[in-house]
Amino acid sequence: AALDPARVRSTPGIMSKQQRVDLSQLSPQQLQQMGEQIEGEIEQLKQNMAQLQNGVKRYHTSGRAIEALKDETGGKEMLVPLTSSLYVPGILGDTDTILLDIGTGYFVEKSPEDGVDYCKRKVNMVRENMEKLLEFIQQKQNQAAQVNQVFNAKVMQMQEQQKIAEAQGV
């Protein structure tokens, strides 16, 4: 179905109820404000997408690290990261179990195989959310394009009316 450029759904937030707005009834100033609001929402959604992408990378990296840990034996000397650029010497303990951070300060003890499986499930879940978010971003971009189209048409119409008024007044 073709989109009616004179109509668009406006959503102040992702989870808010959508409402129909007849764009042709709005002034150019209102259209400009709406366009800026939608562009702001798009930017926020893109930031959310970047955070989700970072989450996928972290889970993927964690899964690979767990897989590499399965081949190691306890008692091996290693460097333990305290920050991204600070390491301290340590000794690898039991590799039959790992502690997984499942959020908000909770940790779960799992086998390495279960840990890898957990990371894979999380990657899949985050990717599904990214696909949904991408669809929503595309909807918002379509809305922004519709608002801009109506805004440009109104500005051109106002310019034409001004030219006609000037020609009649001269």
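Note: the structure precedes this text.
Keep in mind the model is a prediction, meaning the values are calculated, not measured.

1. Points about the overall build of the protein
Logical step 1: Looking only at helices and strands, the protein features two helices and six strands.
Logical step 2: Each helix (α) and strand (β) of the protein, taken in turn from the N terminus, gives the series β-β-α-β-β-β-β-α.
Logical step 3: Counting the 170 residues in the protein, one finds 25% classified as buried.
Logical step 4: Within the protein, residue pairs in contact and separated by at least 24 positions form 54% of the contacts whose partners lie at least 6 positions apart.

2. Points about the nonpolar core
Logical step 1: Residues Val21, Leu23, Leu26, Leu31, Met34, Ile38, Ile42, Ala144, Val147 and Val150 constitute the largest nonpolar core, which totals 10 residues.
Logical step 2: Elements with a minimum of two residues in this core: helix H1 (28-70) and helix H2 (112-169).
Logical step 3: Ranked by residues supplied to this core, first place goes to H1 with four residues.
Logical step 4: When neighbours within four sequence positions are excluded, Ala144 is seen to be in contact with Ile38, Glu39 and Ile42.
Logical step 5: Judged by nonpolar contacts, the second largest core, of nine residues, contains Met49, Met130, Phe136 and Ile137.

3. Concerning the pattern of salt bridges
Opposite charge on two side chains permits them to pair, given that their charged atoms come into close proximity.
Logical step 1: Summed over all chains, the structure comprises three salt bridges.
Logical step 2: The salt bridge partner of Glu72 is Lys76, with a shortest N-O separation of 2.9 Å.
Logical step 3: The class for Glu72 is partly exposed, based on a relative accessible area of 29%.
Logical step 4: By relative accessible area, Lys76 is classed as partly exposed at 40%.
Logical step 5: For Arg121, the salt bridge identified is with Asp117, shortest N-O distance 2.5 Å. Remark: Asp117 and Arg121 occur in helix H2; sequence separation between them is four residues, near one turn of the helix.
Logical step 6: Among the residues examined, Arg121 registers a relative accessible area of 45% and is labelled partly exposed.

About the criteria used
- Residues numbered from 1 in each chain as written.
- Predicted model: local features only at pLDDT ≥ 70, side-chain atom pairs only at ≥ 80, totals over all residues.
- Heavy atoms only, no water.
- Helix = DSSP H or I, 4+ residues; strand = E, 2+ residues; numbered from the N terminus.
- Buried < 20%, exposed > 50% of the residue type's maximum accessible area, 1.4 Å probe, protein only.
- Contact = heavy atoms within 4.5 Å.
- Core = buried A, V, L, I, M, F, W, Y, C linked by side-chain atoms within 4.5 Å.
- Salt bridge = Lys/Arg side-chain N within 4 Å of Asp/Glu carboxyl O.

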